[in-house]
Amino acid sequence: MDMSNVHVLDHPLIQHKLTYIRDKHTGTKEFRELVDEVAMLMAFEITRNLPLQEKTIETPVTEATAHVLSGKKIGLIPILRAGLGMVDGMLNLLPAARVGHVGLYRDPETLQPVEYYIKLPKDISERELIVMDPMLATGGSANDAIHSIKKRGAKHIKLMCLVAAPEGIELVQKEHPDVDIYLGALDERLDEHGYIIPGLGDAGDRLFGTK
Ligand code: PRP
Ligand code: URA
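In what follows, the accompanying structure is described.

1. Some points on the overall build of the chain
For the chain, the count of helices and strands is 6 helices and 13 strands. By the compact-globule yardstick of 17 Å for 211 residues, the chain fits well, its C-alpha radius of gyration being 18 Å. Along the first, second and third principal axes, the C-alpha atoms of the chain reach 65 × 40 × 35 Å. Taking all 211 residues of the chain together, the buried fraction comes to 45%. Relative to all contacts within the chain whose residues are 6 or more apart in sequence, the contacts with residues 24 or more apart total 63%. Surface exposure of the chain reaches about 11200 Å², of which carbon and sulfur atoms provide 51%. Seen as two clouds, the 24 positive and the 31 negative side-chain charges of the chain have centres 5 Å apart.

2. Points about the packing of aromatic side chains
What describes a pair of aromatic rings is the distance from one ring centre to the other and the angle between the planes of the rings. Throughout the structure, instances matching the rule amount to 1 aromatic pair. In this structure, Arg106 packs its charged tip against the face of Tyr195, placed 5.8 Å from the ring centre.

3. Some points on the pairing of strand β4 (residues 74–80)
The side chains of a regular strand alternate between the sheet's two faces. A large share of β4 lies buried, amounting to 7 of its 7 residues. Of the two faces of β4, the one holding Ile74, Leu76, Pro78 and Leu80 and the one holding Gly75, Ile77 and Ile79 are both buried throughout. The pairing of β4 with strand β8 (residues 128–132) spans 5 bridges and is classified as parallel. Its bridge partner being in β8, Leu76 is matched across the sheet by Ile130. Across 2 bridges, the pairing between β4 and strand β5 (residues 98–99) is parallel. Each residue of the ladder has a partner; that of Gly75, found in β5, is Arg98. In this region the chain leaves β4, passes through helix α3 (residues 87–93) and returns to the parallel neighbour β5; the handedness of that crossover is right-handed.

4. Points about helix α2 (residues 28–46)
Owing to its 3.6 residues per turn, the α-helix aligns residues three or four sequence positions apart on the same side. With 19 residues, α2 should reach 27 Å at 1.5 Å per residue; the first-to-last C-alpha distance of 26 Å fits that figure. Every buried residue belonging to α2 is among Phe31, Leu34, Val35, Val38, Ala39, Met42, Ala43 and Ile46, and all of these are buried. The secondary structure elements touched by the buried residues of α2 are α1 (12–22), α3, β8, β10 (156–164), β11 (180–186) and α6 (203–208).

5. As for the site of ligand 2
Close to ligand 2 lie Arg106, Met135, Ala137, Gly194, Tyr195, Ile196, Gly201, Asp202 and Ala203. The backbone of Ala203 places a nitrogen or oxygen atom 2.9 Å from an oxygen atom of ligand 2. Contact with the protein chains hides 88% of the accessible area of ligand 2, taken as 230 Å² for the molecule alone.

6. Some remarks on the site of ligand 1
In the region of ligand 1, 14 residues are neighbours, and Arg106, Asp133, Thr138, Gly139 and Ser141 sit closest. At a separation of 2.9 Å, an oxygen atom of ligand 1 approaches a polar side-chain atom of Arg81. Look at ligand 1: alone it shows 500 Å² of surface, and the protein chains cover 91% of it. Of all elements in the fold, only β6 (101–106), β9 (135–136) and α4 (140–151) reach the threshold of two or more residues within the shell around ligand 1. When its residues are assigned to classes, the shell around ligand 1 shows 6 nonpolar, 5 polar and 3 charged.

7. Regarding the side chain of Asp133
Its location among the elements puts Asp133 in the loop between β8 and β9. There is a polar contact of 3.1 Å between the side chain of Asp133 and the backbone nitrogen of Met135.

8. Description of the pairing of β8
Taking burial as the measure, the 5 residues of β8 include 5 buried ones, the bulk of the element. Taking every second residue as pointing to the same face, both faces of β8 are buried, with Glu128, Ile130 and Met132 on one and Leu129 and Val131 on the other. Sheet topology note: the β8/β10 ladder contains 5 bridges and is parallel. Each bridged residue has a counterpart across the sheet, and for Leu129 the counterpart in β10 is Ile157.

Definitions and limits used
- Residues numbered from 1 in each chain as written.
- Chains lettered and ligands numbered in written order.
- Predicted model: local features only at pLDDT ≥ 70, side-chain atom pairs only at ≥ 80, totals over all residues.
- Heavy atoms only, no water.
- Helix = DSSP H or I, 4+ residues; strand = E, 2+ residues; numbered from the N terminus.
- Rg over C-alpha atoms; globule rule 2.2 N^0.38 Å.
- Buried < 20%, exposed > 50% of the residue type's maximum accessible area, 1.4 Å probe, protein only.
- Contact = heavy atoms within 4.5 Å.
- Areas by Shrake-Rupley, 256 points an atom, 1.4 Å probe, with all protein chains shown as cover.
- Lys, Arg positive; Asp, Glu negative; His and termini not counted.
- Charge placed at Lys NZ, Arg CZ, Asp CG, Glu CD.
- Phe/Tyr/Trp six-rings, centres within 6.5 Å; stacked < 30°, edge-to-face > 60°.
- Lys NZ or Arg CZ within 6 Å of the ring centre and 35° of its normal.
- Pairing = 2+ DSSP bridges.
- Right-handed = clockwise from strand over helix to strand, strands pointing away.
- Expected span 1.5 Å × (residues − 1).
- Near = heavy atom within 4 Å.
- Polar contact = N/O pair within 3.5 Å; in protein donor to acceptor, adjacent residues only side chain to side chain.
- Nonpolar A, V, L, I, M, F, W, Y, C, P; charged D, E, K, R; others polar.

Encoded structure:
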């Protein structure tokens, strides 16, 4: 598989927390907290290349030239529902980011995504956008969400997922070669129901306690 635009953010803290996220004995409250924490740690890595500009300041001792973010505008685009679990963690580090929502569910029979909601910041074409979903399985949902925001003007897009299957990565790479993919882990495969193996089960149900 071509890994040239795939970044596996396998920091020890991310790996540690992902292990507990995967564990079926982890309940909803802890699952939610862990997803939030991992999203924050991933935000730290995903923003590594944000441009800086010089700023002259006075320290208590002397004048100095230091650096601040150069004001690049960021947009977070969670895919509903499960992507919502990653928003607060990201906003902890990116408090000025705007948030757009794409509502999609995967039809359990056909595994095809069905879009039911979209609301985006007006100026998305000027923003660095991070599409977020814990799971990249067949890739249908992420692929559709990216097509949908591109149709509405999105230009600079990254995709951020906790866990991915090779099938999902390959679909997004084929349809959106311009989109870099950031993962907590790359798993082995999909099962016959389109679940990621070993994965973490149904992310939306575990986050919101709907099963
Ligand atoms: C899950 C998950 C992704 C999608 C991944 O959502 O959060 O959006 O499946 O699968 P795919 O890569 O094969 O498209 P789901 O459809 O269960 O909706 P939900 O988040 O509302 O529960
Ligand atoms: N959606 C999930 O929530 N989990 C999977 O393993 C695959 C799709």
